Amino acid sequence: MRKVLLFILLFIIIIFIIPIFLVNRRILTVGADDSAHTKIEELSIEEYDYSKYTKIKLLHKKTGKVEEINLDEYIANVVSAEMPVKFDIEALKAQAIVARTYTIYKITKSKKHKEADICDDSTCCQAWISKEDRLKKWNKDKANKNWNKIIKAVNDTKGKIITYKDKPINAFFHANSGGKTDVPLYVWGGEGYPYLQVVETSGEENYSEYRSEAEFTKKEFEEKIKAKHKDFKIDYKQENCISIKERDDSNRVKTVKIGNLNLSGVEARTILGLRSANFEVQILEDKINFSVIGYGHGVGISQTGADSLAKQGKNYEEIIKHFYKDVEISDM
Ligand SMILES: [Zn+2]
């Protein structure tokens, strides 16, 4: 008899009592959500643990393989791919800090790749070369000494990144500024990087990256523009059929009139494959000639500028603070 009563009690618990608890839990949960509207939890700035980036995932674009690699090993490979090793050690140190900052910024602010933190394609993220391939490209008798110079630049700047108001900056860099860097506004149309200003640097003219020429036959020239602008027309008999309309504060071309088109200097540079948007143009008998000053987009640190400043006695910190305004060099 007692067994039967116990059984009935158990039955009642399973059928009626437990569901009540379950429903109550639901009600309680909904209640908790509702109360969130009245009682707002105070949020605080999240501290970023950069130490978790001692290893990063590097995507090799050609093979599609993702390699997990020690951050500073990766930085050494980037520095050796991005800057000539003959440059002054202080310029190499500046490049190491720039590369490390760029990497951290990419991971935390503008991750482009799902499966990896960064890739080895310079047109997408940052150039990278394996140590093995790098050593092969140097003279045998200098290879080890060169590699040690790169390693020293990375070790001497261990854990250092460039920050603006305690946040890693978007550390743009390019080969040669032509004497003056540019602001992102004129290059990509973006604003919001107060540390990127027009900066003058002496000595950039002493590098082979400073001056270049690009020459096209009229046919080549027209074909390149037509590939982007089908309605393009030009009559060379017309005066000023090619003329520079406006330059920005850094002397780069803002607007150039070519035939019936008005192109930005940046677009003309891209279409024609010029080294920079700071150019003069000349119409010759059957050719179009461009004289170009500088190499690269011109925003942020100039690599030859960094070397030039180092040769004038500046250290890596002074070099970085010359190119990026009101920044600090902080430990990750
Ligand atoms: Zn990439």
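Fair warning: this is a prediction, and the values are worked out from it, not measured in the lab.

How each quantity is defined
Residues numbered from 1 in each chain as written. Predicted model: local features only at pLDDT ≥ 70, side-chain atom pairs only at ≥ 80, totals over all residues. Heavy atoms only, no water. Helix = DSSP H or I, 4+ residues; strand = E, 2+ residues; numbered from the N terminus. Buried < 20%, exposed > 50% of the residue type's maximum accessible area, 1.4 Å probe, protein only. Contact = heavy atoms within 4.5 Å. Areas by Shrake-Rupley, 256 points an atom, 1.4 Å probe, with all protein chains shown as cover. Arc of directions from axis to C-beta. Pairing = 2+ DSSP bridges. Axes fitted to C-alpha atoms, helices over the stretch in contact; angles between N-to-C directions. Parallel < 35°, antiparallel > 145°, perpendicular 65-115°, else oblique. Left-handed = near helix turned anticlockwise from the far one by under 90°. Nonpolar A, V, L, I, M, F, W, Y, C, P; charged D, E, K, R; others polar. Donors = N, O, S within 2.8 Å, 3.2 Å for Na, K, Ca; no water. Tetrahedral: all angles 85-135°; square planar, octahedral: opposite > 155°, others 65-115°.

Right, let's talk about the overall build of the protein for a bit. Within the protein one finds 10 helices and 14 strands. Across the 332 residues of the protein, 44% fall into the buried class. When contacts within the protein are restricted to residue pairs at least 6 apart in sequence, those whose partners lie at least 24 apart make up 66%. Surface accessibility of the protein: about 19700 Å² in total, with carbon and sulfur atoms responsible for 51%.

Structurally, Ile329 can be placed in strand 14 (residues 328-331). Considering only alpha carbons, one finds Ile329 and Pro168, 161 residues apart in sequence, at a separation of 9.5 Å. Setting aside residues up to four positions removed in sequence, Ile329 forms contacts with Ile97, Lys160, Ile161, Tyr316, Glu317 and Ile320.

A few words now on helix 8 (residues 265-272). In an α-helix, one turn spans 3.6 residues; hence positions three or four apart end up facing the same way. Turning to helix 8, its buried residues number three or more, namely Gly265, Ala268, Ile271 and Leu272. Viewed along the axis of helix 8, the buried residues span an arc of 130 degrees, placing them on a single side of the element. Packing partners of the buried residues in helix 8 comprise strand 7 (211-217), helix 7 (218-228), strand 9 (253-258), strand 10 (261-264), strand 11 (279-283) and strand 12 (287-293). After helix 8 finishes, the residue Gly273 shows a positive phi value of roughly 70 degrees.

Another aspect to go through is the pairing of strand 10. The side-chain alternation of strand 10 yields one buried face, formed by Leu261 and Leu263, and one unburied face, formed by Asn262 and Ser264. Here strand 9 pairs with strand 10 via 4 bridges, running antiparallel. Counterpart to Thr255 in the pairing with strand 10 is Ser264. Hairpin connection, strand 9 to strand 10: the antiparallel pair is bridged by 2 residues, and Gly259 has positive phi, about 60 degrees.

Before going further, it helps to examine the packing of helix 3 (residues 89-108) against helix 9 (residues 303-311). Orientation of helix 3 relative to helix 9, taken along the N-to-C sense of each, is 140 degrees, at an axis distance of 7 Å. Taken together, the axes of helix 3 and helix 9 lie oblique to each other. Where helix 3 crosses over helix 9, the two elements pack in a sense that is right-handed. Residue-level inspection shows Glu90, Ala91 and Gln95 of helix 3 in contact with helix 9, the latter providing Gln303, Ala306, Asp307 and Ala310. By residue class, the composition of the contact of helix 3 with helix 9 is 3 nonpolar, 2 polar and 2 charged.

This paragraph deals with the coordination of the zinc ion. Any two of four tetrahedral donors ideally make an angle of 109.5 degrees at the metal, while pairs among six octahedral donors ideally make 90 or 180 degrees. Within the protein, the atoms that donate to the zinc ion are His113 (NE2), Cys119 (SG), Cys124 (SG) and Cys125 (SG), at distances of 2.1 to 2.3 Å. For the zinc ion, the 4 donor atoms in the first shell make angles of 104 to 114 degrees at the metal, a pattern classed as tetrahedral. Linear spacing of the donor residues for the zinc ion on their chain is H-x5-C-x4-C-C.

Pairing is mixed across the open sheet formed by 3 strands, whose spatial order is 2-1-3. The open sheet has two edge strands with one neighbour each: strand 2 (66-70) and strand 3 (118-119). Bridge analysis of strand 1 (residues 55-59) against strand 3 gives 2 bridges, and the strand direction is parallel. Paired with Leu58 across the two strands is Ile118, which belongs to strand 3. Strands in contact with helix 2 (residues 71-82) are strand 1, strand 2 and strand 3; relative to strand 2, the strand with the most contacts, it is inclined by about 100 degrees.

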